[in-house]
Amino acid sequence: MSLIVQDSGLLTILQTLDPQPSDKGNEYNGACDRLAHQLANQLVGNDTSAPTVEMTLQPSVIKFTEPTIIAFSGAGFKAKSGDRDIFLNRIYLFDRGDELEFIPQPKGNRIYLAVAGGLEAEGSNILKSGDEIIMCRNYTAHHDELFNMLKRRSQVSWGVDTYALVEVYLSDTYHIVRRPDIPDEIYEQLESAEYTVRNEKNRVALYVDGPEIALENVGIEHAGVKGGVHIADNQPVLALNDFNKVTTAPQVGTIPSYHLHKLSQKSTGSKIQFKAIDAADAHANLYAHHLWVKSLFKAIDYKLSKELVKEKM
Amino acid sequence: MIFANGDCYITYQQEELISDSEKTRIEAGFEKETHTYLTELQTTEHTLTFLYSPVKVMEAHNTIEPCDLVIDEVRAFLARIEVTA
């Protein structure tokens, strides 16, 4: 036995960090919020690319069938297990029979649940109520130490604070990398207004409403890339991981990868403001973001190793 | 034209149609070769879009401007498969 999906919520899917082929015909197009995926894995001592359970909007209820170390990251959802409050970005040990129920909050859209030792799908990676998720139990010496520590107190006393992640998730401003074939007036129009998320087609695209963008469709067939900003019916459409491989909707630019974490957390009614930048600026920002993520993960390792040493003394 | 399409893609775009047979030939050429930075190719009737990992290029070359290096690789690939950029 492994994890049981008691209630599958709206869309619960086992997802890899990067797109991966699957011999079972599953679609692994990568985690929409790559930071949350990696952060949850980092907390439980997994490789950051290990598959996680991605839950959208209305998360699932999970039942544990053996001692299991977990962490979840992403939207500001709270969770409960019996009378116990379970928080985002912390490490917990659950025992056989425990249930973990998520409570959606008005902000955010997706959470990522990582399990120490890794997970794999039994059949389809789209999980339905009653499905099992197989625990790989690829435990390392670090996992053994974590188990020993958590047996005594079932959770660690610290986590990654929301304030530490504010820089990534809080702002409604989204960079859009300019294309050479799009006139400056289009970027001026995009920058001058605020757009409201109308809805998300699951993992495919975010549809937004705001002032109309009049852009002539010159009939170019574009590749659908993650973060691509297209114009359809005079409104921007923002491409997510499962977007069409090909589209004739004119592309006005692309949201850089460091802003895709917060884009995937946008829910209906939330606001978006665009800021047009050049690729060189996007790369400078990307590298700063990369260094910040590295330092965050190092800080997690340091805190954990300190706690494990303390436990041994 | 060749341009940075966001921070992880380089796109070659032309107004004339790229025929299905031409796309197949280009895709086969891409698959056959080994590439320094380019990891994936998406083709459409008008575009060839190359995926790369900018941070890997930045760290390998100690630069925060990886675009030119990757565009050079795209140009060299297009020249080898005889696509005039």
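Residues numbered from 1 in each chain as written. Chains lettered and ligands numbered in written order. Predicted model: local features only at pLDDT ≥ 70, side-chain atom pairs only at ≥ 80, totals over all residues.

(A) Broad picture of the overall build of chain B. Across its full length, chain B carries 3 helices and 4 strands. Taken over the C-alpha trace, chain B has a radius of gyration of 13 Å; the compact-globule value for 85 residues is 12 Å, and the two agree within 12%. C-alpha atoms of chain B, sized along the principal axes, occupy 40 × 25 × 15 Å. Here chain B, with 85 residues, has 32% of them falling under the buried criterion. (Helix = DSSP H or I, 4+ residues; strand = E, 2+ residues; numbered from the N terminus. Rg over C-alpha atoms; globule rule 2.2 N^0.38 Å. Buried ≥ 20, exposed ≤ 12 C-beta atoms within 10 Å, placed from the backbone.)

(B) View of the overall build of chain A. Each helix and strand in chain A was counted, giving 6 helices and 23 strands. In terms of overall size, chain A behaves like a compact globule, its C-alpha atoms giving a radius of gyration of 20 Å where 313 residues would be expected to give roughly 20 Å. The dimensions of chain A, computed from C-alpha atoms along their principal axes, are 65 × 40 × 35 Å. Among the 313 residues that make up chain A, the fraction classed as buried is 43%. Sequence separation of at least 24 residues holds for 72% of the intrachain contacts in chain A that already meet a minimum separation of 6. (Contact = placed C-beta atoms within 7 Å.)

(C) How the structure looks around the domain arrangement of chain A. All names here are of chain A. Domain boundaries in chain A define domain 1 (3–158) and domain 2 (171–277). With centres defined by C-alpha atoms, the gap from domain 1 to domain 2 works out at 30 Å. Contact residues are listed per partner, giving 15 residues for domain 1 and 10 residues for domain 2. Of all the elements, helix H1 (residues 34–43) adds the most residues to the side of domain 1 that touches domain 2, at 3 residues. Residue composition of the side of domain 1 that touches domain 2, grouped by class: 6 nonpolar, 6 polar and 3 charged. (Domains from an automatic or database assignment. Nonpolar A, V, L, I, M, F, W, Y, C, P; charged D, E, K, R; others polar.)

(D) Looking closely at the sheet that holds strand S4 (residues 47–52) of chain B. Residues and elements named next belong to chain B. A sheet is described by the order of its strands in space; here 4 strands give the open sequence S1-S2-S4-S3, paired in antiparallel fashion. Whereas interior strands pair on both sides, the edge strands pair on one side only; in this sheet they are strand S1 (2–4) and strand S3 (38–43). In this sheet, neighbouring strand axes are inclined to one another by 20 degrees on average, regardless of whether the strands run parallel or antiparallel. Across 5 bridges, the pairing between S3 and S4 is antiparallel. Of the residues in S4, the one forming a bridge with Glu40 is Leu51. With respect to the sheet, helix H3 (residues 67–80) is in contact with S1, strand S2 (9–13), S3 and S4, its orientation differing from that of S2 by roughly 40 degrees. (Pairing = 2+ DSSP bridges. Axes fitted to C-alpha atoms, helices over the stretch in contact; angles between N-to-C directions.)

(E) Examining the pairing of S2 of chain B more closely. Residues and elements named next belong to chain B. Most of S2 is tucked away: 5 of the 5 residues are buried. Neither face of S2 is exposed, since Tyr9, Thr11 and Gln13 on one face and Ile10 and Tyr12 on the opposite face are all buried. Direction of pairing for S1 relative to S2: antiparallel, over a ladder of 3 bridges. Paired with Ile2 across the strands is Tyr12, a residue of S2.

(F) Seen up close, the nonpolar core. Residue and element names in this part refer to chain A. Membership of the largest hydrophobic core comes to 95 residues, with the highest contact counts inside it found for Ala40, Val44, Ile70, Leu113, Ala114, Val115 and Leu238. With 6 residues, the single largest contributor to this core is helix H6 (residues 279–312). Three or more residues apiece are contributed to this core by two domains, here domain 1 (3–158) and domain 2 (171–277). With residues near it in sequence (within four places) discarded, Ala114 still touches Ala40, Asn41, Leu43, Val44, Asn46, Ala50, Thr52, Ile70 and Ala71. (Core = buried A, V, L, I, M, F, W, Y, C linked by C-beta atoms within 7 Å.)

(G) Representation of the interface of chain B and chain A in the model. Listed as interface residues are 22 residues of chain B and, on the opposing side, 23 residues of chain A. Going through the elements one at a time, S1, S2, S4 and helix H2 (54–61) of chain B are the ones with two or more residues in the side of chain B that touches chain A. Looking at the side of chain B that touches chain A element by element, the count peaks at 3 residues for H2 of chain B.

(H) Highlighting the pairing of strand S3 (residues 52–56) of chain A. Residues and elements named next belong to chain A. Among the 5 residues that make up S3, 5 are buried, leaving the element largely enclosed by the rest of the structure. Burial along S3 is two-sided: Thr52, Glu54 and Thr56 facing one way and Val53 and Met55 facing the other are all buried. Two elements, strand S2 (residues 11–15) and S3, share 5 bridges in a ladder whose sense is antiparallel. Of the residues in S3, the one forming a bridge with Leu11 is Thr56. Examined bridge by bridge, S3 and strand S10 (residues 110–115) share 4 bridges and lie antiparallel to one another. Each residue of the ladder has a partner; that of Glu54, found in S10, is Tyr112.

(I) Fine view of the sheet that holds strand S5 (residues 68–74) of chain A. An order of S12-S2-S3-S10-S5-S8-S14 (chain A) is seen for the 7 strands of this open sheet, with the pairing classed as antiparallel. A strand with exactly one partner marks an edge of an open sheet, and here the two such strands are strand S12 (126–127) and strand S14 (155–159) of chain A.

(J) Up close: the packing of H6 of chain A against H2 of chain B. Between H6 of chain A and H2 of chain B, the shortest axis-to-axis distance is 10 Å and the interhelical angle comes to 85 degrees. Relative to H2 of chain B, the element H6 of chain A lies roughly perpendicular. Facing H6 of chain A, whose interface residues are His283, Leu286, Tyr287 and His290 of chain A, H2 of chain B presents Pro54, Val55 and Met58 of chain B. When the residues that make up the contact of H6 of chain A with H2 of chain B are grouped by side-chain class, the tally is 5 nonpolar, 2 polar and no charged. (Parallel < 35°, antiparallel > 145°, perpendicular 65-115°, else oblique.)

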